[in-house]
Amino acid sequence: VDIANGEIAVELAAPSGLYILAGSAEGVDGAMPAASITYGAPRYETGGKLYVSTLTSVSLSATDAESPEQPILKYLVDALPALQPMKLYGAPFTLEAGARTVYYLATDAAGNSSRTQISDVYVDGAAPNVELIAGGVRYNAGGTAYITSADSITLSAADPAVGNLTSGLKGSYY
């Protein structure tokens, strides 16, 4: 049997009522599809870790060189696929705040499945807090504070942790 070249050969010594079914292996799909994951914006990578927000879309895609049909994609967040059935992927999704693990795979029309892929991502669920502090003498009138050119202005920013997770500050701008 040489499936790669589409050949099946049988050697017979003498007829003995043996029936032979001959055919071709052409069109046999033995290739696994390839699955991939893409994180939209906002996203931030540092120290080998990927940080996204709860608004970042997560997209899955798959290719199969031997099948004209699009492979079926399945995924699961945080739970091990061996313990829980994977969900059918239909559209981009978002993740809840915290450290997350996304498991995903693709299956083609012939039943070939890719290996289960694993993507670890850190989802920051809180925007930074910014505080403006005016030092010196100020005058308040109608909800507006007035200062002089001799007074100082300090900008303070912090990224609050949600579930012990924070991506840190990229910068503060004024």
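These lines cover the structure that appears in this document, whether it is placed above or below. (Residues numbered from 1 in each chain as written. Predicted model: local features only at pLDDT ≥ 70, side-chain atom pairs only at ≥ 80, totals over all residues. Heavy atoms only, no water.)

## Focus: the overall build of the chain
Inference 1: Scanning the chain from terminus to terminus reveals zero helices and twelve strands.
Inference 2: Along the chain direction, N to C, the helices and strands of the chain fall in the order β-β-β-β-β-β-β-β-β-β-β-β.
Inference 3: Taken over 174 residues, the chain has a buried fraction of 24%.
Inference 4: The contacts of the chain with a sequence gap of at least 6 include a subset with a gap of at least 24, amounting to 52%. (Helix = DSSP H or I, 4+ residues; strand = E, 2+ residues; numbered from the N terminus. Buried < 20%, exposed > 50% of the residue type's maximum accessible area, 1.4 Å probe, protein only. Contact = heavy atoms within 4.5 Å.)

## Overview of a nonpolar patch on the surface
Inference 1: A contiguous nonpolar patch, built from V130, L132, I147, I153, L155 and Y174 and spanning about 710 Å² of accessible area, is present on the exposed surface.
Inference 2: For the nonpolar patch, the elements supplying multiple residues, two or more each, are strand 9 (129–135) and strand 12 (152–158).
Inference 3: Tracing the backbone through its elements, the reader meets V130 in strand 9. (Patch = residues over 30% accessible without salt bridge, like charges linked within 9 Å, V, L, I, M, F, W, Y side chains within 5 Å. Areas by Shrake-Rupley, 256 points an atom, 1.4 Å probe, with all protein chains shown as cover. Salt bridge = Lys/Arg side-chain N within 4 Å of Asp/Glu carboxyl O.)

## A closer look at the nonpolar core
Inference 1: Counting 18 residues, the largest nonpolar core has Y39, L60, F93 and L95 as its most contacted members.
Inference 2: Listing elements by their share of this core, those giving two or more residues are strand 1 (34–39), strand 3 (49–53), strand 4 (58–63), strand 5 (72–77), strand 7 (98–107) and strand 8 (117–124).
Inference 3: Ignoring anything within four residues of it in the chain, the contact list for L95 reads Y39, T54, V58, V77, R100, V102, V121 and V123. (Core = buried A, V, L, I, M, F, W, Y, C linked by side-chain atoms within 4.5 Å.)

## Re the pairing of strand 11 (residues 144–147)
Inference 1: Here four bridges tie strand 10 (residues 138–141) to strand 11, and the two strands are oriented antiparallel to one another. From the neighbouring strand, N140 faces strand 11, where its bridge partner is A145.
Inference 2: Here strand 10 hands over to strand 11 after two residues, with G142 in that stretch at a positive phi of 60 degrees. (Pairing = 2+ DSSP bridges.)

## Quick notes on the environment of A158
Inference 1: Secondary-structure assignment places A158 in strand 12.
Inference 2: Residue A158 is classed as partly exposed on the basis of its relative accessible area, which comes to 40%.
Inference 3: When the C-alpha positions of A158 and G171 are compared, they lie 9.9 Å apart, and in sequence the two are 13 residues distant.

## A word on the pattern of salt bridges
Inference 1: According to the stated counting rule, one finds two salt bridges in the structure shown.
Inference 2: A salt bridge links E45 to R43; the shortest N-O distance between them is 3.5 Å.
Inference 3: Overall, the relative accessible area of 54% leaves E45 in the exposed class.
Inference 4: Overall, the relative accessible area of 43% leaves R43 in the partly exposed class.
Inference 5: Across the salt bridge formed by R100 and D78, the nearest N and O atoms sit 2.8 Å from each other. Of this pair, R100 sits in strand 7 while D78 sits in the loop between strand 5 and strand 6 (87–88), and the two are 22 residues apart along the sequence.
Inference 6: For R100, a relative accessible area of 17% corresponds to the buried category.
Inference 7: A residue is classified by how much of its surface remains accessible, and D78, at 35% relative accessible area, is partly exposed.

By themselves, these figures tell us nothing about what the structure is for.
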